[in-house]
Amino acid sequence: MKKDPYGSGLRRAEAALDLGSACHAGRVRALNEDRFLLAPQSGIFAVADGMGGHEAGEVASSAVVEALAAVTPAVSASDLLDQLKARLADANSDIRKVGRARGAIVGTTVAILLVYEPHFVCLWSGDSRVYRVRAGAITQLSRDHTEIQSLVERGVITPQEARTWPRRNVITRAIGVQAEPEIDIDHGLLEAGDLFILCSDGLTQHVADGEILAAAAGPQAASGAQAVCDALLQLTLDRGATDNVTVVAVRYLGPSKAAAPARPPDAPEGPRA
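What you are looking at is a predicted structure, and each value in this text was computed from that prediction instead of being measured. (Residues numbered from 1 in each chain as written. Predicted model: local features only at pLDDT ≥ 70, side-chain atom pairs only at ≥ 80, totals over all residues. Heavy atoms only, no water.)

**Notes on the packing of helix α6 (residues 209-217) against helix α7 (residues 225-238)**
Next, step 1: For the pair α6 and α7, the least separation of the axes is 9 Å and the interaxial angle reads 140°. Judged by the inter-axis angle, α6 sits oblique to α7. The crossing of α6 and α7 is right-handed. Across the interface between the two elements, E211, I212, A215 and A216 from α6 touch V228, L232 and L235 from α7.
Next, step 2: Each residue belonging to the contact of α6 with α7 can be placed in one class, and the counts come to 6 nonpolar, no polar and 1 charged. (Axes fitted to C-alpha atoms, helices over the stretch in contact; angles between N-to-C directions. Helix = DSSP H or I, 4+ residues; strand = E, 2+ residues; numbered from the N terminus. Parallel < 35°, antiparallel > 145°, perpendicular 65-115°, else oblique. Left-handed = near helix turned anticlockwise from the far one by under 90°. Contact = heavy atoms within 4.5 Å. Nonpolar A, V, L, I, M, F, W, Y, C, P; charged D, E, K, R; others polar.)

Now the structure itself:
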(Lines give C-alpha, C1' and ligand atoms only; values in the text may rest on other atoms or scores of the structure.)
Protein backbone atom coordinates (compact mmCIF):
# COMPACT_ATOMS: atom_id res chain seq x y z
CA MET A 1 0.00 0.00 0.00
CA LYS A 2 1.15 3.54 -0.68
CA LYS A 3 -0.13 7.07 -0.69
CA ASP A 4 -1.18 8.86 -3.82
CA PRO A 5 1.90 10.95 -4.77
CA TYR A 6 -0.41 13.53 -6.32
CA GLY A 7 -2.05 14.13 -2.94
CA SER A 8 -5.67 13.81 -4.08
CA GLY A 9 -7.79 14.15 -0.96
CA LEU A 10 -11.11 14.56 -2.79
CA ARG A 11 -12.59 12.63 -5.68
CA ARG A 12 -14.02 15.48 -7.72
CA ALA A 13 -16.88 15.28 -10.15
CA GLU A 14 -16.01 15.30 -13.84
CA ALA A 15 -13.87 18.39 -14.46
CA ALA A 16 -15.43 21.43 -16.12
CA LEU A 17 -13.83 21.42 -19.56
CA ASP A 18 -14.36 23.00 -22.97
CA LEU A 19 -13.27 20.57 -25.69
CA GLY A 20 -12.51 20.75 -29.39
CA SER A 21 -10.99 18.54 -32.07
CA ALA A 22 -10.13 18.54 -35.77
CA CYS A 23 -8.62 15.76 -37.88
CA HIS A 24 -7.90 15.85 -41.62
CA ALA A 25 -5.91 13.79 -44.12
CA GLY A 26 -4.38 16.98 -45.52
CA ARG A 27 -3.91 18.15 -49.09
CA VAL A 28 -1.43 15.49 -50.22
CA ARG A 29 -2.05 12.12 -48.58
CA ALA A 30 -5.06 9.98 -49.34
CA LEU A 31 -4.82 7.94 -46.12
CA ASN A 32 -5.28 9.51 -42.71
CA GLU A 33 -3.13 7.66 -40.16
CA ASP A 34 -3.92 10.10 -37.33
CA ARG A 35 -6.34 9.19 -34.56
CA PHE A 36 -7.50 11.11 -31.49
CA LEU A 37 -9.44 10.61 -28.27
CA LEU A 38 -11.68 12.86 -26.19
CA ALA A 39 -12.72 10.99 -23.04
CA PRO A 40 -13.75 13.53 -20.37
CA GLN A 41 -15.46 10.80 -18.34
CA SER A 42 -12.04 9.28 -17.62
CA GLY A 43 -10.00 12.47 -18.03
CA ILE A 44 -7.96 11.23 -21.01
CA PHE A 45 -7.25 13.16 -24.21
CA ALA A 46 -4.84 11.96 -26.88
CA VAL A 47 -3.47 12.35 -30.39
CA ALA A 48 -1.72 9.47 -32.17
CA ASP A 49 0.10 9.70 -35.51
CA GLY A 50 0.72 6.30 -37.12
CA MET A 51 4.04 5.63 -38.81
CA GLY A 52 4.66 3.13 -41.52
CA GLY A 53 2.46 4.45 -44.32
CA HIS A 54 1.38 1.42 -46.27
CA GLU A 55 2.71 -0.67 -43.38
CA ALA A 56 -0.41 -0.02 -41.32
CA GLY A 57 0.35 3.16 -39.46
CA GLU A 58 -3.37 3.64 -39.06
CA VAL A 59 -3.61 0.26 -37.33
CA ALA A 60 -0.99 1.35 -34.80
CA SER A 61 -2.60 4.71 -34.02
CA SER A 62 -6.03 3.08 -33.74
CA ALA A 63 -4.66 0.44 -31.36
CA VAL A 64 -3.35 3.12 -28.99
CA VAL A 65 -6.50 5.21 -29.04
CA GLU A 66 -8.76 2.18 -28.53
CA ALA A 67 -6.61 1.03 -25.61
CA LEU A 68 -6.80 4.43 -23.94
CA ALA A 69 -10.56 4.60 -24.50
CA ALA A 70 -10.91 1.43 -22.42
CA VAL A 71 -9.51 3.09 -19.27
CA THR A 72 -12.20 3.33 -16.60
CA PRO A 73 -12.85 6.30 -14.28
CA ALA A 74 -10.10 6.31 -11.66
CA VAL A 75 -10.18 6.65 -7.88
CA SER A 76 -7.01 8.78 -7.79
CA ALA A 77 -4.58 10.49 -10.12
CA SER A 78 -2.10 7.68 -9.53
CA ASP A 79 -4.73 5.08 -10.37
CA LEU A 80 -5.47 6.88 -13.64
CA LEU A 81 -1.78 6.97 -14.55
CA ASP A 82 -1.31 3.31 -13.66
CA GLN A 83 -4.27 2.26 -15.79
CA LEU A 84 -3.02 4.31 -18.70
CA LYS A 85 0.48 2.82 -18.56
CA ALA A 86 -0.99 -0.69 -18.51
CA ARG A 87 -3.16 0.04 -21.55
CA LEU A 88 -0.21 1.53 -23.41
CA ALA A 89 1.81 -1.59 -22.69
CA ASP A 90 -1.00 -3.73 -24.11
CA ALA A 91 -1.22 -1.56 -27.23
CA ASN A 92 2.56 -1.68 -27.63
CA SER A 93 2.45 -5.48 -27.59
CA ASP A 94 -0.42 -5.63 -30.09
CA ILE A 95 1.33 -3.26 -32.50
CA ARG A 96 4.54 -5.30 -32.34
CA LYS A 97 2.56 -8.39 -33.32
CA VAL A 98 1.26 -6.53 -36.38
CA GLY A 99 4.80 -5.53 -37.28
CA ARG A 100 6.10 -9.08 -36.98
CA ALA A 101 3.25 -10.40 -39.10
CA ARG A 102 4.02 -7.85 -41.80
CA GLY A 103 7.78 -8.11 -41.52
CA ALA A 104 8.07 -4.35 -41.04
CA ILE A 105 8.40 -1.68 -38.38
CA VAL A 106 4.96 -0.43 -37.42
CA GLY A 107 4.41 2.19 -34.75
CA THR A 108 2.76 5.40 -33.71
CA THR A 109 3.62 8.59 -31.91
CA VAL A 110 1.31 9.64 -29.13
CA ALA A 111 0.65 12.76 -27.06
CA ILE A 112 -1.62 12.34 -24.03
CA LEU A 113 -3.16 14.67 -21.48
CA LEU A 114 -4.63 13.38 -18.23
CA VAL A 115 -6.91 15.65 -16.20
CA TYR A 116 -7.68 14.72 -12.60
CA GLU A 117 -8.43 17.78 -10.53
CA PRO A 118 -6.39 19.54 -9.41
CA HIS A 119 -3.67 17.80 -11.42
CA PHE A 120 -2.71 17.33 -15.05
CA VAL A 121 -0.23 14.84 -16.47
CA CYS A 122 1.29 14.81 -19.96
CA LEU A 123 2.78 11.71 -21.57
CA TRP A 124 4.32 11.45 -25.00
CA SER A 125 6.39 9.35 -27.37
CA GLY A 126 7.63 10.69 -30.70
CA ASP A 127 6.97 14.14 -32.16
CA SER A 128 3.28 14.67 -31.48
CA ARG A 129 3.14 17.56 -29.04
CA VAL A 130 1.41 18.92 -25.95
CA TYR A 131 1.25 22.70 -25.48
CA ARG A 132 -0.22 24.73 -22.65
CA VAL A 133 -1.48 28.27 -23.08
CA ARG A 134 -1.61 30.09 -19.75
CA ALA A 135 -1.75 33.81 -18.93
CA GLY A 136 -1.13 34.81 -22.54
CA ALA A 137 1.98 32.63 -23.01
CA ILE A 138 2.47 29.28 -24.76
CA THR A 139 4.72 26.50 -23.44
CA GLN A 140 5.57 23.25 -25.18
CA LEU A 141 5.26 20.73 -22.35
CA SER A 142 6.45 17.79 -24.43
CA ARG A 143 9.93 17.41 -25.92
CA ASP A 144 10.18 15.98 -29.44
CA HIS A 145 11.74 12.54 -29.65
CA THR A 146 13.43 13.25 -32.98
CA GLU A 147 16.90 13.06 -34.42
CA ILE A 148 16.83 16.77 -35.18
CA GLN A 149 15.85 17.73 -31.62
CA SER A 150 18.88 15.85 -30.34
CA LEU A 151 21.15 17.62 -32.84
CA VAL A 152 19.83 21.04 -31.83
CA GLU A 153 20.19 20.31 -28.11
CA ARG A 154 23.78 19.15 -28.63
CA GLY A 155 24.58 22.27 -30.63
CA VAL A 156 25.39 20.34 -33.81
CA ILE A 157 22.95 22.44 -35.82
CA THR A 158 21.05 25.65 -35.14
CA PRO A 159 17.26 25.95 -34.87
CA GLN A 160 17.38 27.85 -38.18
CA GLU A 161 19.23 24.98 -39.88
CA ALA A 162 16.78 22.53 -38.37
CA ARG A 163 13.93 23.96 -40.45
CA THR A 164 15.45 22.58 -43.66
CA TRP A 165 17.50 19.66 -42.31
CA PRO A 166 16.99 16.64 -44.63
CA ARG A 167 16.28 14.20 -41.76
CA ARG A 168 14.06 16.55 -39.76
CA ASN A 169 11.18 14.05 -39.74
CA VAL A 170 13.13 11.10 -38.30
CA ILE A 171 11.70 10.15 -34.89
CA THR A 172 13.64 8.29 -32.21
CA ARG A 173 10.72 6.90 -30.18
CA ALA A 174 7.32 5.48 -31.01
CA ILE A 175 4.82 3.09 -29.46
CA GLY A 176 5.18 -0.38 -30.95
CA VAL A 177 8.84 -0.16 -31.92
CA GLN A 178 10.55 -1.33 -28.72
CA ALA A 179 9.69 -4.23 -26.41
CA GLU A 180 8.33 -1.76 -23.83
CA PRO A 181 6.67 1.60 -24.54
CA GLU A 182 9.13 4.49 -24.27
CA ILE A 183 7.34 7.52 -22.90
CA ASP A 184 8.23 10.73 -21.11
CA ILE A 185 6.03 12.28 -18.43
CA ASP A 186 5.48 15.78 -17.06
CA HIS A 187 2.85 17.00 -14.61
CA GLY A 188 1.60 20.03 -12.76
CA LEU A 189 -1.36 21.76 -11.18
CA LEU A 190 -4.29 23.06 -13.20
CA GLU A 191 -5.20 26.73 -13.25
CA ALA A 192 -8.57 28.04 -14.40
CA GLY A 193 -8.33 29.10 -18.03
CA ASP A 194 -5.50 26.72 -18.95
CA LEU A 195 -5.77 25.67 -22.60
CA PHE A 196 -3.96 22.51 -23.66
CA ILE A 197 -3.29 21.89 -27.35
CA LEU A 198 -2.40 18.36 -28.46
CA CYS A 199 -1.36 17.93 -32.08
CA SER A 200 0.36 15.73 -34.62
CA ASP A 201 3.36 17.07 -36.51
CA GLY A 202 1.10 17.75 -39.47
CA LEU A 203 0.21 20.97 -37.65
CA THR A 204 3.66 22.02 -36.47
CA GLN A 205 5.22 21.48 -39.91
CA HIS A 206 3.20 24.47 -41.10
CA VAL A 207 2.25 26.48 -38.01
CA ALA A 208 4.68 28.09 -35.57
CA ASP A 209 4.21 28.19 -31.81
CA GLY A 210 3.42 31.90 -31.92
CA GLU A 211 0.66 31.24 -34.43
CA ILE A 212 -0.82 28.54 -32.22
CA LEU A 213 -0.85 31.10 -29.41
CA ALA A 214 -2.49 33.67 -31.67
CA ALA A 215 -5.26 31.22 -32.54
CA ALA A 216 -5.70 30.28 -28.89
CA ALA A 217 -5.98 33.90 -27.80
CA GLY A 218 -7.55 35.43 -30.93
CA PRO A 219 -11.17 36.41 -31.58
CA GLN A 220 -12.19 32.83 -32.40
CA ALA A 221 -11.09 31.72 -28.91
CA ALA A 222 -14.15 33.45 -27.46
CA SER A 223 -16.28 30.93 -29.38
CA GLY A 224 -14.66 28.03 -27.57
CA ALA A 225 -12.08 25.29 -27.97
CA GLN A 226 -13.65 23.92 -31.15
CA ALA A 227 -13.20 27.28 -32.89
CA VAL A 228 -9.49 27.22 -31.98
CA CYS A 229 -9.11 23.77 -33.54
CA ASP A 230 -11.00 24.83 -36.66
CA ALA A 231 -8.79 27.91 -37.07
CA LEU A 232 -5.57 25.91 -36.72
CA LEU A 233 -6.75 23.26 -39.17
CA GLN A 234 -7.75 25.89 -41.72
CA LEU A 235 -4.39 27.62 -41.41
CA THR A 236 -2.63 24.30 -42.05
CA LEU A 237 -4.81 23.54 -45.08
CA ASP A 238 -4.20 27.02 -46.45
CA ARG A 239 -0.46 26.31 -46.31
CA GLY A 240 -0.63 23.04 -48.20
CA ALA A 241 -1.12 20.47 -45.40
CA THR A 242 1.54 18.07 -46.67
CA ASP A 243 0.73 15.55 -43.92
CA ASN A 244 -2.25 14.37 -41.91
CA VAL A 245 -3.12 16.96 -39.27
CA THR A 246 -4.90 16.54 -35.95
CA VAL A 247 -5.56 19.09 -33.22
CA VAL A 248 -7.25 18.55 -29.86
CA ALA A 249 -7.98 21.47 -27.51
CA VAL A 250 -8.82 21.09 -23.82
CA ARG A 251 -9.63 24.19 -21.81
CA TYR A 252 -9.91 23.83 -18.05
CA LEU A 253 -12.71 26.11 -16.91
CA GLY A 254 -12.07 25.82 -13.18
CA PRO A 255 -12.86 23.56 -10.23
CA SER A 256 -15.83 21.25 -10.52
CA LYS A 257 -18.98 22.53 -8.83
CA ALA A 258 -19.39 19.25 -6.99
CA ALA A 259 -16.82 17.28 -5.09
CA ALA A 260 -17.43 14.02 -3.29
CA PRO A 261 -15.30 13.09 -0.27
CA ALA A 262 -13.02 10.13 -0.72
CA ARG A 263 -10.49 8.81 1.80
CA PRO A 264 -8.94 11.35 4.19
CA PRO A 265 -5.87 13.08 2.64
CA ASP A 266 -3.43 11.16 4.84
CA ALA A 267 -5.08 7.77 4.52
CA PRO A 268 -3.34 5.10 2.41
CA GLU A 269 -4.80 3.74 -0.78
CA GLY A 270 -6.30 0.28 -0.80
CA PRO A 271 -4.30 -2.77 -1.90
CA ARG A 272 -3.30 -2.94 -5.54
CA ALA A 273 -3.47 -6.01 -7.68
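**Some details on the sheet that holds strand β10 (residues 195-199)**
Next, step 1: Judged by pairing direction, the sheet is antiparallel, and its 5 strands sit side by side in the order β2-β11-β10-β7-β8 without closing on themselves. Only two strands of the sheet have a single partner each, and these edge strands are β2 (16-24) and β8 (137-140). Strand-to-strand twist of the sheet, defined as the mean angle between neighbouring strand axes without regard to direction, takes the value 15°.
Next, step 2: Relative to strand β11 (residues 245-254), β2 runs antiparallel, the two sharing 9 bridges. Each bridged residue has a counterpart across the sheet, and for A22 the counterpart in β11 is V247.
Next, step 3: Each of β2, β10 and β11 is contacted by α7, which is oriented at about 20° to β2, the strand it contacts most. (Pairing = 2+ DSSP bridges.)

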